[in-house]
Amino acid sequence: MADPLTLFTSIGLSEQKAKETLKNDALCSALKDAITQAQRVLGAAGVDKATGTLLYTMTSRLRDPKRLGFLTDHIAQRKICTELQLAAALEFVKSHPQDPINQQEFESLCGVGVVITPEQIEDKVEKVIKKHKDQLLQERYRFNMGLLMGEARGGLMWADGKMIKNEVDMQVLHLLGPKTEADLEKKPKVTFHTIKIEGRSLMDELRGVALNFHKPGENYKTEGYVVTPKTMDLLKQHLEFTGGQIRTRFPPEPNGILHIGHAKANDGICYLRYDDTNPEKEEEKYFTAIKDMVEWLGYKPYEITHASDNFQRLYDLAVDLIRRGHAYVCHQRGEELKGHNPPPSPWRERPAEESLVLFDRMRRGLFAEGEATVRMKIVMEDGKMDPVAYRIKYTAHHRTGDAWCIYPTYDYTHCLCDSIENITHSLCTKEFQARRSSYFWLCNALDVYCPVQWEYGRLNLTYTVVSKRKIIKLVEEGTVRDWDDPRLFTLTALRRRGFPSEAINNFCAKVGVTVAQATMEPHMLESCVRDVLNDHAPRAMAVLEPLKVTIANLPEGIRNDVRVPDFPANEFMGSHVIPFTRTIFIEQSDFREVMEKGYKRLTPDQPVGLRHAGYVISVQKVIKGRAVELEVHCCSSNEAAEKPKAFIHWVSEPQKCEIPLHVCLFLHKNPEDPSEVPGGFLSDINPNSLQVIDSALVDISVSKAKVFDKFQFERVGYFALDPDSTADKLVFNRTVTLKEDPGKM
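The sections below set out a description of the structure shown in this document. Given the structure is predicted, the values throughout are model-derived calculations rather than measurements.

### A short note on the side chain of histidine 74
Okay, step 1: Here histidine 74 is to be found in helix 5 (residues 68-76).
Okay, step 2: The class for histidine 74 is buried, based on a relative accessible area of 4%.
Okay, step 3: Those residues within four positions of histidine 74 in sequence are excluded, and the remaining contacts are Lys79, Ile80, Gln103, Phe106 and Glu107.

See the structure below:
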């Protein structure tokens, strides 16, 4: 057999990717096994690049090694031949760990054998175009073509995306003809929360097919919803109270765009509720930050509520639950309940009257912490038996003080608070799917209104961690400064780095909502940031690595004003004035003492223009001392013998500033994946994730900037003023570069 490097490059991996793979023993071994098995299946044909790419993706994402052979066979036999099918296959084996796999179900859910013909694509696109024909003719190429793609793909799940795009492009061209000058004019920006199309949010439109949410009062039509003899009466009372209004809640986590988007698209309301069932005081700072971030995103909750608002009612409901025989007081210790198969509680069949007496004693503080809990009689989807509803904590609560020494758990509180607030759609991420049956069970066990829990895939980003516990670890280890360290992807960190809230909303809308977990590259979010900042960040000039330049043919003391447009593409949007004197500073990289092929900026033999100044400078002398300086001659651009090949930025009488440059905090895409990072996420820290330039110079137009004000430093990137700035020293965080850097990861 060929050596691993040759083997990996033979299936289409680049040499660099192959060498990276060799550093990961688990991935290297799995990929070798997959290639060997695929070669046996394919014989002389060998593994082509398309198959090799699928094998690499499969081995790098597969969590259960025993499924390696099964998936490899399907890839080698061309049963799984697209990234979309592979993603479905990986999701299937993850959710079906038991043997044997139902082959028919697997192949059905992964689109095996499904053939989408060009004629089907043509017909589907034709119907979509016809549906939007009037709007297309009116808006022409300003129409959001992504909507056409999304709707076409919605009816052809396993179709090749490129074929759909080509067909959409061809039919649009046939309908509208070539682009005119008017079509090429810049499209005005819009944000997702200001748009409604046929009653659906832009998020749903971009996804192509609206989420199949139930109508208020029709909870019983949802798959898995439990109907009891009292269900219809409770739903009738619920509708009388809400008037048929959509009601969601924004959870205390960053991913709340769906909740608000769904409510707004249906003229509904959205609560911000804090599940403050943990009495620890330090939680309050997180709640404050959540409120700040919700408002920063541009949303005002209908009402801010707390689980603690309902402590008495929750207690009364727990008493009722025990009285009905659905809960009991247990004395098993926490350590006895750990593990996959803890022993059943010997107190499970305790008489309800006895449990009621003991629960009252818990309430009055007559037990020590850990000595007694209230547990619910239910087995959850993940096999967890009898989850805890109440536990004892002798810690004052930051809102209720020492009024309580027993506190409800999330498993008990979540659905009941939803019921109390008459929530119609309890939207949460997919890890809560294992709690759905207990959610329905508890409401029905108490004969209270039962909302519907809907799960959607969490939106994750590569090269980061989002776990609260892991971020706290990073802070404690001193790897990052705090939750708002710009290298993190918390909302507070993104705001500090300079990301506009509009860009985050746009990003969430573009990604859309799916049941499957979505993992995106940071550059996709950064692209949305550039789109917004390009239109809203005024221009300034800054020099990160200054090179002093003296203009010898200008007199001492000369000082001219140069007017610089805030937005060069639209000079009607304002301007600012900066000085131009005998001494200026340019970037060191904008000068080469020795001419290089293709270099268009300043050299001893090549002049260069100064942006906005109307001057061209040419080198007269290179002064070498402790630092290189230049002595130049300048002339008006109109007087120059020939137009310079380039125009560079510069500063004069500048203000000194500090510029932190942040890149990815981790070296690998998935730092939490043990197959990719065997040593754990703390071993994967990028030592070069922060570079601080403390001698940068910026023009005086930014001297009055306020914290979080954003600028484009011409030819350099987008920057935002950091809260650590002082009157004597400004600090600008680099938000993003002007263009995506494919090598920055």
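### Here we look at the packing of aromatic side chains
Okay, step 1: Applying the stated criterion across every chain, the model contains 16 aromatic pairs.
Okay, step 2: Ring centres of phenylalanine 713 and phenylalanine 719 lie 4.6 Å apart, and the angle between their planes is 20 degrees; this geometry places the pair in the stacked category.
Okay, step 3: By way of ring pairs, the aromatic residues Phe311, Tyr315, Phe359, Tyr390, Trp404, Tyr407 and Tyr412 are connected into one cluster.
Okay, step 4: A cation over an aromatic ring shows up here: arginine 363 above the ring of tryptophan 404, its NZ or CZ 4.0 Å from the ring centre.

### Focus on the sheet that holds strand 14 (residues 539-540)
Okay, step 1: Reading across the sheet, the seven strands line up as 14-26-27-28-24-25-15 and stay open at both edges, with mixed pairing between neighbours. Each edge of the open sheet carries a strand with a single partner, namely strand 14 and strand 15 (542-543).
Okay, step 2: With seven bridges joining them, strand 24 (residues 655-662) and strand 25 (residues 690-698) adopt antiparallel strand pairing. The residue of strand 25 that forms the bridge with leucine 661 is glutamine 691.

### What about a nonpolar patch on the surface?
Okay, step 1: Residues Tyr220, Val227 and Met232 make up a contiguous nonpolar surface patch of roughly 270 Å² in combined accessible area.
Okay, step 2: Among the structural elements, tyrosine 220 can be located in the loop between helix 13 (202-207) and helix 14 (231-242).

### Thoughts on the packing of helix 17 (residues 311-323) against helix 18 (residues 352-363)
Okay, step 1: Their axes nearest at 9 Å, the elements helix 17 and helix 18 cross at an angle of 155 degrees. In terms of axis orientation, helix 17 runs roughly antiparallel to helix 18. Helix-helix and strand crossings are classified by hand; for helix 17 and helix 18 the assignment is right-handed. Contact residues: helix 17 offers Tyr315, Ala318, Val319, Ile322 and Arg323, while helix 18 offers Ala352, Ser355, Leu356, Phe359, Asp360 and Arg363.

### With respect to helix 18
An α-helix turns once per 3.6 residues; consequently, residues spaced three or four apart project the same way.
Okay, step 1: Helix length check: helix 18 (twelve residues) gives 16 Å between terminal C-alpha atoms against 16 Å at 1.5 Å per residue, within 8%.
Okay, step 2: Buried residues belonging to helix 18 abut helix 17, strand 6 (327-330), strand 7 (373-376), strand 8 (388-392) and strand 9 (406-408).
Okay, step 3: The first or second residue beyond helix 18 is glycine 365, which carries a positive phi of 80 degrees.

### Focus: the nonpolar core
Okay, step 1: Counting residues in each nonpolar core, the largest one holds 42 residues, and the members touching the most others are Phe359, Met362, Val374, Tyr390, Ile406, Tyr412 and Leu416.
Okay, step 2: Going through the elements one at a time, helix 17, strand 6, helix 18, strand 7, strand 8, strand 9, helix 19 (410-420) and helix 20 (436-445) are the ones with two or more residues in this core.
Okay, step 3: With eight residues, the top contributor of residues to this core is helix 17.
Okay, step 4: Residues contacting phenylalanine 359, with those up to four places away along its chain left out, are Tyr315, Ala318, Val319, Ile322, Val329, Val374, Tyr390 and Ile406.
Okay, step 5: In this structure, Ile11, Met58, Leu71 and Phe92 belong to the second largest nonpolar core, which totals 33 residues.

### Describing the pairing of strand 24
Okay, step 1: Among the eight residues in strand 24, six count as buried, and that is most of the element.
Okay, step 2: Bridge analysis of strand 24 against strand 28 (residues 730-737) gives two bridges, and the strand direction is parallel. Across the sheet, cysteine 657 pairs through a bridge with leucine 730, a residue of strand 28.

### Re the environment of glutamate 353
Okay, step 1: Inspection of the secondary structure puts glutamate 353 in helix 18.
Okay, step 2: The exposure class of glutamate 353 is exposed, given its relative accessible area of 58%.
Okay, step 3: Taking the C-alpha atoms as reference, glutamate 353 lies 8.3 Å from isoleucine 322; in sequence the two are 31 residues apart.

### Overview of unusual backbone geometry
Okay, step 1: The omega torsion of the bond from aspartate 99 to proline 100 falls at -10 degrees, within 30 degrees of zero and hence cis.
Okay, step 2: On the secondary structure map, proline 100 appears in the loop between helix 6 (83-95) and helix 7 (103-109).
Okay, step 3: One non-glycine residue, aspartate 386, lies in the positive phi region at around 50 degrees.
Okay, step 4: Among the residues examined, aspartate 386 registers a relative accessible area of 2% and is labelled buried.
Okay, step 5: Of note in this structure, aspartate 447 is not a glycine but carries a positive phi near 55 degrees.

### Examining the pattern of salt bridges
Okay, step 1: Across all of its chains, the model carries 41 salt bridges by this definition.
Okay, step 2: Here arginine 481 and aspartate 724 are joined by a salt bridge, their closest N and O atoms 2.8 Å apart. A residue pair is termed long-range when its members are at least 10 positions apart, and arginine 481 in the loop between helix 21 (468-476) and helix 22 (491-497) and aspartate 724 in the loop between strand 27 (717-721) and strand 28 qualify at 243 residues.
Okay, step 3: You can call arginine 481 exposed: its relative accessible area is 54%.
Okay, step 4: In the salt-bridge network here, residues are joined through shared partners; they are Arg249, Arg273, Asp275, Asp418 and Glu421.

### With respect to the environment of methionine 149
Okay, step 1: When you line up the elements, methionine 149 lands in helix 10 (residues 145-155).
Okay, step 2: A residue is classified by how much of its surface remains accessible, and methionine 149, at 23% relative accessible area, is partly exposed.
Okay, step 3: For methionine 149 and glycine 161, which are twelve residues apart along the polypeptide, the C-alpha to C-alpha distance reads 8.5 Å.
Okay, step 4: Aside from chain neighbours lying at most four places away, what touches methionine 149 is Gly161, Ile164, Lys165 and Val168.

### Here we look at the sheet that holds strand 23 (residues 647-648)
Okay, step 1: Pairing is mixed in the open sheet, where six strands are placed in the order 19-16-22-21-20-23. Each of the sheet's edge strands pairs with one partner strand only, and the pair in question is strand 19 (583-587) and strand 23.
Okay, step 2: In terms of strand pairing, strand 16 (residues 546-551) meets strand 22 (residues 628-636) through four bridges, oriented parallel. Each residue of the ladder has a partner; that of valine 549, found in strand 22, is leucine 630.

### Some words on helix 11 (residues 161-176)
Okay, step 1: Under the 1.5 Å per step criterion, the end-to-end length of helix 11 is 22 Å for 16 residues, consistent within 8% with the ideal 22 Å.
Okay, step 2: For helix 11, every residue scored as buried is listed here: Ile164, Glu167, Val168, Gln171, Val172 and Leu176. Projection of helix 11 onto a plane perpendicular to its axis shows the buried side chains occupying an angular sector of 145 degrees, all on one side. Turned more than 90 degrees off the buried face of helix 11, the exposed positions are Lys162, Asn166 and His174.
Okay, step 3: The positive-phi residue at the C-terminal boundary of helix 11 is glycine 177, with phi of around 80 degrees.

### So, the environment of leucine 31
Okay, step 1: Relative to the helices and strands, leucine 31 resides in helix 3 (residues 25-42).
Okay, step 2: The exposure class assigned to leucine 31 is buried, which follows from its relative accessible area of 0%.
Okay, step 3: Counting along the chain gives 27 residues from leucine 31 to methionine 58, while the straight-line C-alpha distance between them is 8.8 Å.
Okay, step 4: Ignoring anything within four residues of it in the chain, the contact list for leucine 31 reads Phe8, Ile11, Leu13, Thr21, Leu55, Tyr56 and Thr59.

The rules we used
- Residues numbered from 1 in each chain as written.
- Predicted model: local features only at pLDDT ≥ 70, side-chain atom pairs only at ≥ 80, totals over all residues.
- Heavy atoms only, no water.
- Helix = DSSP H or I, 4+ residues; strand = E, 2+ residues; numbered from the N terminus.
- Buried < 20%, exposed > 50% of the residue type's maximum accessible area, 1.4 Å probe, protein only.
- Contact = heavy atoms within 4.5 Å.
- Phe/Tyr/Trp six-rings, centres within 6.5 Å; stacked < 30°, edge-to-face > 60°.
- Lys NZ or Arg CZ within 6 Å of the ring centre and 35° of its normal.
- Pairing = 2+ DSSP bridges.
- Patch = residues over 30% accessible without salt bridge, like charges linked within 9 Å, V, L, I, M, F, W, Y side chains within 5 Å.
- Areas by Shrake-Rupley, 256 points an atom, 1.4 Å probe, with all protein chains shown as cover.
- Salt bridge = Lys/Arg side-chain N within 4 Å of Asp/Glu carboxyl O.
- Axes fitted to C-alpha atoms, helices over the stretch in contact; angles between N-to-C directions.
- Parallel < 35°, antiparallel > 145°, perpendicular 65-115°, else oblique.
- Left-handed = near helix turned anticlockwise from the far one by under 90°.
- Expected span 1.5 Å × (residues − 1).
- Core = buried A, V, L, I, M, F, W, Y, C linked by side-chain atoms within 4.5 Å.
- Arc of directions from axis to C-beta.

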